[in-house]
Amino acid sequence: MRELLGAEAEELFAALDAPREPAVRLNPLRGDPAALAAALPWPSRAVPWCPAGRLVAAESAEVAADPLNDAGVYYLQDPAAMAVAEAVAPAPGELVVDLAAAPGGKTTHLAALAGDAGLVVSNDVDERRARALLGNVERLGVTSAVVTCARPERLTAALGGACHAVLLDAPCSGEGMFRRSPAAREAWTEAGVERHAELQRRLVAAAADLVRPGGRLVYSTCTFDPRENEAVVLWLLARRPDLELEPLDLPGAADAAPFGLPGAARLWPHRSPGDGHFVARLRRAADAA
Ligand code: SAM
C-alpha cells in the first residue's frame, strides 16, 4: 500500500485502526424510506452513493439488537458495500444472478432496487451460508429471489447468456475487514492474495458466461490489493472482446485510474464512509453472439 498510495497509505492505516460508524440500508419493501429514516431511534445521516443508506450514531450491537432489525425494516450493512447493488442498478422485470451472495446484503439490496418485481437468483456455494442468506431474504420480505447453493458452473449451464445483470461479489483476502475483525488481520497471507486472485478469475469467467447480449456484469471485492481487483477485470477484458468497461458514477467514490482501470470505483475507508470496496461494471456488446 505504501508503494501504491505513497504518503496517503498512512491515512489508510490510521482509518483501519479507527472506530467504525455503523450504517443501515432502509428496506423499501417495509415502507417509504423517508418515513423509515424518521422512525430510526438514533440520529442518522445519508450515505453519499445510496439513497436508502443511513449512517447511524449508535453502537453496532445496539442497532443489531433493535426490533426494527428483526422486522427487516433495515439491513445492517457496511456503507461501502452499499455501492455495489447501486452499480448493478436492476430494473423491474430483469433476471439478475448474484453469484456469491451470502449472507445477502447485496441480494436484498438488488431486490429492493427492482421493486421486488424482477427475479434475483441468489447463489452461494457454501450450504451453511446459503441458509443464512435464505434467512435474510425472508426477514426482509423479499419475494422475488430464489436461493440456490451450487457451483457457479452449474448455474452457467442452466442460465448461460440469459441474464440482464450478473453480480460477482467475490470471495477475497478481506482487507476491508481489517477494521472490524482482528481475525481477518491474522488470517491474511501473501499466498492468500494469489490464491484468491486465481479463484476470482475462475468465478468471473463463469459470471461473464451468464450475461446476455447487452447485459451487464458487476465485479466487486472488499479488499484493496490490485491483484484481486483491477488485474482480475483486465484479465477478463483481455479474454472477452465482447465485454467493455462501463464507467461508474457513484457520488463520493474514488476512481480506480491510479490502479490502471479508469471508470472503476475505489471506496477507501480514509476517504469516505465504510470499510472499503472495489466495484467495476462491464457491459456485454448488444450484438454479441
Ligand atoms: N455478497 C455477499 C453479501 O453482500 O452479503 C457477500 C459475499 S462474500 C464476499 C463471498 C461469498 O463467496 C461467500 O459467501 C462464500 O461462501 C462465497 N464463495 C466462495 N467460493 C465460492 C464459489 N466457488 N462459488 C460461489 N460462491 C463462493
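Residues numbered from 1 in each chain as written. Predicted model: local features only at pLDDT ≥ 70, side-chain atom pairs only at ≥ 80, totals over all residues. Heavy atoms only, no water.

Chemist: Looking at this model, I keep getting lost on the site of the ligand. Mind explaining?
Modeler: What surrounds the ligand is a group of 18 residues, the closest being G104, G105, D124, R129 and D169. Measuring from an oxygen atom of the ligand, one finds a backbone N or O atom of P103 at 3.3 Å. D169 is positioned such that a nitrogen or oxygen atom in its side chain is 2.8 Å from a nitrogen atom of the ligand. Here the ligand has 600 Å² of accessible area as a free molecule, and 84% of this is covered by the chains. Of all the cavities here, the one that holds the ligand is the largest pocket. Going through the elements one at a time, helix 7 (105–113) and helix 11 (190–210) are the ones with two or more residues in the shell around the ligand. When the residues that make up the shell around the ligand are grouped by side-chain class, the tally is ten nonpolar, two polar and six charged. (Near = heavy atom within 4 Å. Polar contact = N/O pair within 3.5 Å; in protein donor to acceptor, adjacent residues only side chain to side chain. Areas by Shrake-Rupley, 256 points an atom, 1.4 Å probe, with all protein chains shown as cover. 1 Å grid on protein atoms, 1.4 Å probe; cavity = no way out; pocket = protein on both sides within 12 Å on 5 of 7 lines; lining within 4 Å. Sits in = over half its atoms within 2 Å of the grid points. Helix = DSSP H or I, 4+ residues; strand = E, 2+ residues; numbered from the N terminus. Nonpolar A, V, L, I, M, F, W, Y, C, P; charged D, E, K, R; others polar.)

Chemist: Would you mind going over the pattern of salt bridges with me for this structure?
Modeler: By the definition in use, this model includes 22 salt bridges. Here R20 and D275 are joined by a salt bridge, their closest N and O atoms 2.9 Å apart. Linking R20 in the loop between helix 2 (8–17) and strand 1 (23–26) with D275 in the loop between strand 12 (265–267) and strand 13 (277–284), this pair joins segments that are 255 residues apart in sequence. Put simply, R227 and E190 hold a salt bridge, and the shortest N to O gap is 2.8 Å. One end of the pair, R227, is in the loop between strand 9 (211–221) and helix 12 (230–239); the other, E190, is in helix 11, with 37 residues separating them in the sequence. The exposure class assigned to R227 is partly exposed, which follows from its relative accessible area of 28%. Taking the relative accessible area as the measure of exposure, E190 reaches 44% and is therefore partly exposed. What you see here is one network of salt bridges that share partners, running through R20, D78, R179, R180 and D275. (Salt bridge = Lys/Arg side-chain N within 4 Å of Asp/Glu carboxyl O. Buried < 20%, exposed > 50% of the residue type's maximum accessible area, 1.4 Å probe, protein only.)

Chemist: Can you help me understand helix 7 in this one?
Modeler: The α-helix winds at 3.6 residues per turn, so residues separated by three or four positions along the chain end up facing the same way. Counting buried positions over the nine residues of helix 7 gives eight, a clear majority of the element. Inspection of helix 7 places G105, K106, T107, T108, H109, L110, A111 and A112 among the buried residues, and these make up the whole buried set. After helix 7 finishes, the residue G115 shows a positive phi value of roughly 65 degrees.

Chemist: Would you mind showing me how to read the layout of surface pockets here?
Modeler: The gaps left among the atoms become clear once a water-sized probe is rolled over them. Counted as a void, the largest pocket has a volume near 1,100 Å³. Along the walls of the largest pocket sit 45 residues, with A102, P103, R129, D169 and C222 positioned nearest its centre. Counting residues per element, the ones that place at least two in the lining of the largest pocket are strand 4 (74–76), helix 7, helix 9 (152–159), strand 8 (163–169) and helix 11. Here the element with the most residues in the lining of the largest pocket is helix 11; it accounts for four residues. Across the lining of the largest pocket, the residue classes break down as 22 nonpolar, eleven polar and twelve charged. The space that makes up the second largest pocket amounts to roughly 250 Å³. M1, E175, W188, F224 and D225 are, among the 15 residues lining the second largest pocket, the residues nearest its centre. When contributions to the lining of the second largest pocket are tallied by element, the ones reaching two or more residues are helix 1 (2–5) and helix 2. Among the residues making up the lining of the second largest pocket, the classes are represented as nine nonpolar, no polar and six charged. (Points joined across faces, edges and corners; volume = space filled by probe spheres on them.)

Chemist: Which parts of the structure should I look at to understand the nonpolar core?
Modeler: Across soluble globular proteins, nonpolar side chains have a tendency to be buried as a group. With 33 residues, the main nonpolar core has W49, L110, V218 and V279 as its most contacted residues. Counting only elements with at least two residues in this core, the list comes to strand 3 (50–56), helix 6 (82–88), helix 7, helix 8 (127–139), strand 8 and strand 12. Broken down by element, this core gets its largest block of residues, six residues, from helix 6. In this structure V279 touches V84, A87, V218, Y219, S220, L248, A264, A265 and L267, once residues within four positions along its chain are discounted. (Core = buried A, V, L, I, M, F, W, Y, C linked by side-chain atoms within 4.5 Å. Contact = heavy atoms within 4.5 Å.)

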